[in-house]
Amino acid sequence: MKDIRTLSLDQLKEYFVSLGEKPFRAKQVYDWLWSKNLHSIDEMTNLSKSLRERISEEYTINPVSVDLLQKSSDGTIKNGVKLHDGLMVESVLIPTETRTTACVSSQVGCSLNCEFCATARLKRMRNLEVAEIVDQVALIDSQSRMYFDRPLSNIVFMGMGEPMMNYKNVVEAIKKITQPEGLGMSPRRITVSTSGIPKMIKMLADDELRVKLALSLHSAIESKRNEIMPFSDKFPLTDIMEALQYWYQKTGSVITFEYCVWKGINDGDEDIKALIKYCKQVPSKVNLIQYNPIGDGKYDQCNKQAEENYIRQLENAGITVMVRRSRGGDIDAACGQLANKTTD
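Residues numbered from 1 in each chain as written. Predicted model: local features only at pLDDT ≥ 70, side-chain atom pairs only at ≥ 80, totals over all residues. Heavy atoms only, no water.

Asks: Give me the lowdown on a nonpolar patch on the surface, citing residues and values where you can.
Replies: Taken together, Val66, Leu69, Met146 and Tyr147 make up a surface patch of nonpolar side chains, about 350 Å² in accessible area. Secondary structure elements with two or more residues in the nonpolar patch: strand 3 (65-71) and helix 4 (130-148). By the secondary structure assignment, Leu69 is in strand 3. On the basis of relative accessibility, which here comes to 32%, the residue Leu69 falls in the partly exposed class. (Patch = residues over 30% accessible without salt bridge, like charges linked within 9 Å, V, L, I, M, F, W, Y side chains within 5 Å. Areas by Shrake-Rupley, 256 points an atom, 1.4 Å probe, with all protein chains shown as cover. Salt bridge = Lys/Arg side-chain N within 4 Å of Asp/Glu carboxyl O. Helix = DSSP H or I, 4+ residues; strand = E, 2+ residues; numbered from the N terminus. Buried < 20%, exposed > 50% of the residue type's maximum accessible area, 1.4 Å probe, protein only.)

Spelled out as structure tokens, the structure:
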């Protein structure tokens, strides 16, 4: 049977009218599905039993479930999330003293081929549905309340998959997460991370969702970036920059460049100079991300001196830079490690 959550509010109204019911029934059901995140038609208690039975003859609800939960020594929680068709994705709850962040997935596997990322080694099986994305957020919100006694504060689309390759469903999920009739979270606390698809960046700007944007950059030298992220040869850095400038012009929102520094790959002065030049073209800041090994030996975290060199030169150039330390590495929950792998 079809998942009732695939119906829009207008479609729900049409459905209930076809049953001889009043249109307001649609709003009641919509509230159960998206605000209360209910996973059972039978528990919609403001509907008559006969109506619930009628709906259940035609529709179902296919919620995600936690197949495996792993806790890191630093408090990070990784969920092995099972979908209704048996496929798996991963989502992560990252706690700090002041907030909790949900790192959610948008695809089963990934469409891209970034050399340093474990997820890229998985075949892309399919895009996640809107409800499957929202379910991850609702699930982590409940874990945040249970384990840390506070609601979820931030969401990053930095899990498995490239969000821009599942654009329609990601955007609709964001609307469900942020609308008052949904989870009611602030869009300014949501960051969409992309590896850089210019036309989709522009589309996201035009859709005026008021979310933040992060670009997975890792090198501002074209040839080097193409080696690190082979798919990027289709999307030149000049085209990406044009899209980022369009983003800022439309939204006024500063771009975050996500940047891993690897030993012997992009840890030289020429790499820093190229990054500074790129950053100067649009209001931006840099997140230096501590790399998390995936077992191939090719990519190793740079030494402390190289990291400090990046920080010093970026700051001297007037560019805001932050270092994002690895979280959840002991359970393969850190950035670039999500690959449906379990640790004992």
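Asks: Explain the pairing of strand 11 (residues 212-216) to me, using residue names and the numbers behind them.
Replies: The side chains of a regular strand alternate between both faces of the sheet. Of all five residues that make up strand 11, four are buried, and the element is covered over most of its length. Here four bridges tie strand 10 (residues 190-194) to strand 11, and the two strands are oriented parallel to one another. Paired with Ser193 across the bridge in strand 11 is Ala214. Remark: the strand 10/helix 6 (residues 198-206)/strand 11 crossover connection has right-handed handedness. Across three bridges, the pairing between strand 11 and strand 12 (residues 255-260) is parallel. When the sheet's bridge partners are listed, Ala214 is paired in strand 12 with Thr256. (Pairing = 2+ DSSP bridges. Right-handed = clockwise from strand over helix to strand, strands pointing away.)

Asks: Explain the pattern of salt bridges to me, and be specific about the residues and the numbers.
Replies: This structure, assessed with the given rule, holds 16 salt bridges. The partner of Glu132 in a salt bridge is Arg126, with the nearest N and O atoms 2.9 Å apart. By relative accessible area, which is 3% here, Glu132 ends up buried. Close ionic contact of Glu258 with Arg324 constitutes a salt bridge, the shortest N to O distance being 3.8 Å.

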